[in-house]
Amino acid sequence: MTAAETPVRRWLRATGAVFMKDWRSELRTRYAISALVMFVITTISIILFALGGEGASPEVLSGMLWVVIFFAAMSGLARTFVMEEERGTAMMLQLTAAPSAVFAGKLLFNLVLGAGLTVLTVVLYLFFISGFTVQTYSIFLATITLGSIGLAAASTIIAAIIARANTKGTLYPVLSFPILLPLLMTVISATRLAADGMPFSEAFGEFQILISYIVVVVTTSILLFEYIWKD
Amino acid sequence: MELRISARGLRMAFNRRTIFAGIDFSVGHGETLLVAGRNGSGKSTLVKILCGLLTPTGGKVEMTGKKPLDVHARRGQIGLVAPYLQVYDEFSAMENMRLTMALRGLLSDDGAHRSLLERLALDVRRSDPVRGFSSGMKQRLKYALALSHRPSVLVLDEPMANLDTDGMAIVRTIMEEQHEKGILVVATNDPSDVTAVHTRVDLNDRR
C-alpha cells in the first residue's frame, strides 16, 4: 500500500476483488451458470410442449417470460452467498473485506450473471415461442434492463439473509416472493405494453415504479447488509 | 503504532447458555496472551470476539493505538490462523495470497508472497489449486495468508493443528518473531505450544 492511496481506492480494490473472485470461481466450477442455463432450456422446452401448436395471448406469454426469468434467477443468483457459507469461506471474507465492499462486489457479480440470464432467456423465448412478438422494442429493452437490475439487487440481499439460515432451500422462495412481487407485476405489465405495441410514453408509470424499486432495494440493502453479514 | 488489546467483563452466551463470563485482560506490544481451556470452554468464541467476528453478549473488547480502533480497523490489524477459517480451494496458493491482499484493499507484492510461501515450504506448489493440498499444507497456507499484510496482532487458534514437526518448528519461529512485531494471541488445548506467556486467560469453569 502506498501512502497516497485513499480509502475510496482501497474500497474499490476490495470490491473488484470480491467480483473477480466470484467470477473466476464461477468460471472454474460453473455452479451457477450450469444451473441457470439448464433451468432456462428446460423451462422453455416445457412451455413449448405445453403450448403445442396453439397460441396464447400476449398477456399470458409476457407473464411466462418473467416466470422463467424469476425461477432461473432463484436457482442461480442465491449461490453467491450460499457458497461462501457452505464452503466455510464467509469468515475469511468477514475478516478481510469491508462489508460494503462484499455487498457491492456480490451485487456486481449478480448484475452480470442476471444480465446474461435475461439475455439468454429473451433470445431463446423470442426464437422458440412463436406467439410472442415484441412491437415496441424501446419499452421491451428498458423493461428487461430495469427488471434484471431489480432482480439481481433483490436476489443479492435475500441471498445474504438466507445464507445464514439452516433451511436455505425453503427460505429463499418464501422470502423472495413477497419482496419480488411488486417487481414482477410491474415488469409483466410493461412487457405486455411492449407486446401490444404501445408508445414508449405509455410505460412511464411502470418505469418509475421499477426505478423506485431498485433505489429502495439497493439503499435498504446497503444500510442493512452490515447487520446481516456479521454473526 | 503500538497497540494494546483490553477486555472488560466479557460474557458470551448462546441460547441462554453461558459459555464464559467475567473475562478481563490487557495485553500490549511484545506480549503474548494465552487462552487456555478444555474443548467447548469457549476458546474459539473468545478468539472470534477478539477478531471482531462475533459480538459478545456482555462487556467489551477494545484495541487502541493512538486512539481506539473500530471493528473494521481492528480486523485490518489482525492476522488469524484458525481451523474454521477456510481458504478458497479452487484457487492456487498464490491466487489466495493476492486475493486476501486485494480484499483488504492492499496492493499485492508477488516477491513478498513468494518468500512467505518459500518460508512455509509451499513455494514449489504455489501455482497448484489448494484443493490438492493436504490438511497440513492448508494450515501452512493459512499462516502465509495471516502474515501477508504484516499484522500487528497475530491470533492463532490451535496453532499446531495438522502440522508435522517441520511445520511446528516454523510456527514456533513465527511466534517468537511476533514478539518484535506486536501482539501474539494463542488459543490452545496444549499450553506447552507457547513459551513466554505474559497474560493467561483460563476458560475452564468461567461460567
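Let us now look at the overall build of chain B. Of regular secondary structure, chain B possesses 6 helices and 8 strands. Reading the secondary structure of chain B in the N-to-C direction produces β-β-β-α-β-α-β-α-α-α-β-α-β-β. Since a compact globule built from 207 residues should have a radius of gyration of about 17 Å, the 17 Å found for chain B is in line with a globular shape. When burial is assessed residue by residue, chain B has 43% of its 207 residues classed as buried.

Turning to the sheet that holds strand E4 (residues 58-64) of chain B, a few remarks are in order. Residues and elements named next belong to chain B. Taking strand neighbours across the sheet as the criterion, the 3 strands line up as E2-E1-E4 in an open arrangement whose pairing is antiparallel. Bordering the open sheet on either side are strand E2 (17-28) and E4, each of which pairs with just one other strand. Neighbouring strand axes in the sheet, compared pairwise and without regard to direction, differ in orientation by 15 degrees on average. Relative to E2, strand E1 (residues 4-14) is paired through 8 bridges, and the arrangement is antiparallel. Bridged to leucine 10 within E2 is isoleucine 23. Against the sheet, helix H1 (residues 43-50) engages E1, E2 and E4, with an angle of about 130 degrees to E1.

We now examine the nonpolar core. Residues Val35, Ala144, Val155 and Val185 of chain B are the most contacted members of the largest nonpolar core, which totals 128 residues. The element contributing the most residues to this core is helix H7 (residues 137-162) of chain A, with 14 residues. Excluding anything up to four places from it in sequence, valine 155 of chain B contacts Val47, Leu50, Cys51, Ile78, Gly79, Leu80 and Val185 of chain B.

Often the size quoted for an interface is simply the accessible area lost on bringing the parts together. On the chain A side, the residues contacting the 21 residues of chain B number 24 residues. Elements with a minimum of two residues in the side of chain B that touches chain A: helix H2 (71-77) and helix H3 (93-103) of chain B. For the side of chain B that touches chain A, the element with the highest residue contribution is H3 of chain B, accounting for 4 residues. Looking at the side of chain B that touches chain A residue by residue, the class counts come to 13 nonpolar, 5 polar and 3 charged.

So, on to the packing of helix H2 (residues 31-51) of chain A against helix H3 (residues 58-76) of chain A. Residue and element names in this part refer to chain A. Taken N-terminus to C-terminus, the directions of H2 and H3 make an angle of 155 degrees; their axes are 9 Å apart at the nearest point. The orientation of H2 with respect to H3, classified from their angle, is roughly antiparallel. The handedness of the crossing between H2 and H3 is right-handed. For the pair H2 and H3, contact is made by Ala32, Ala35, Leu36, Phe39, Val40, Thr43, Ile44 and Ile47 and by Met64, Val68, Phe71, Ala72, Ser75 and Gly76, respectively. Class assignment of the residues belonging to the contact of H2 with H3 gives a composition of 11 nonpolar, 3 polar and no charged.

For phenylalanine 49 of chain A, the location among the structural elements is in helix H2. Note on phenylalanine 49 of chain A: 8 C-beta atoms within 10 Å, which makes it exposed.

All names here are of chain B. What the 5 strands build is an open sheet, ordered E5-E6-E7-E3-E8; its pairing is parallel. At either margin of the open sheet sits one strand with a lone partner, and together these are strand E5 (78-81) and strand E8 (199-202). The mean inter-strand angle of the sheet, taken between neighbouring strand axes irrespective of direction, is 15 degrees.

Quick look at the packing of helix H6 (residues 99-128) of chain A against H7 of chain A now. Geometrically, a packed helix pair is captured by the angle between its two axes and the distance between the axes. Residues and elements named next belong to chain A. Put simply, H6 and H7 touch, their axes get as near as 8 Å, and they point 135 degrees apart. Taken together, the axes of H6 and H7 are oblique relative to one another. H7 is crossed by H6, and the crossing has right-handed handedness. Side by side, H6 and H7 meet where Lys106, Leu107, Asn110, Leu111, Gly114, Ala115, Thr118 and Val122 of the first sit next to Ile144, Ser148, Ile149, Leu151, Ala152, Ala153, Ser155 and Thr156 of the second. Within the contact of H6 with H7, the residues separate by chemical class into 9 nonpolar, 6 polar and 1 charged.

With that settled, the discussion passes to unusual backbone geometry. Residue and element names in this part refer to chain B. Not every positive phi belongs to a glycine, and alanine 121 is a case in point at roughly 60 degrees. Note on placement: alanine 121 falls in the loop between helix H4 (110-119) and helix H5 (135-147). Given 15 C-beta atoms within a 10 Å radius, alanine 121 is considered partly exposed.

All names here are of chain B. Most of strand E3 (residues 32-36) is tucked away, with 4 of its 5 residues classed as buried. Examined bridge by bridge, E3 and strand E7 (residues 183-188) share 5 bridges and lie parallel to one another. Across the sheet, threonine 32 pairs through a bridge with leucine 184, a residue of E7. Relative to E8, E3 runs parallel, the two sharing 4 bridges. The partner of valine 35 across the bridge, within E8, is valine 201.

Rules used in this analysis
Residues numbered from 1 in each chain as written. Chains lettered and ligands numbered in written order. Predicted model: local features only at pLDDT ≥ 70, side-chain atom pairs only at ≥ 80, totals over all residues. Helix = DSSP H or I, 4+ residues; strand = E, 2+ residues; numbered from the N terminus. Rg over C-alpha atoms; globule rule 2.2 N^0.38 Å. Buried ≥ 20, exposed ≤ 12 C-beta atoms within 10 Å, placed from the backbone. Pairing = 2+ DSSP bridges. Axes fitted to C-alpha atoms, helices over the stretch in contact; angles between N-to-C directions. Contact = placed C-beta atoms within 7 Å. Core = buried A, V, L, I, M, F, W, Y, C linked by C-beta atoms within 7 Å. Nonpolar A, V, L, I, M, F, W, Y, C, P; charged D, E, K, R; others polar. Parallel < 35°, antiparallel > 145°, perpendicular 65-115°, else oblique. Left-handed = near helix turned anticlockwise from the far one by under 90°.

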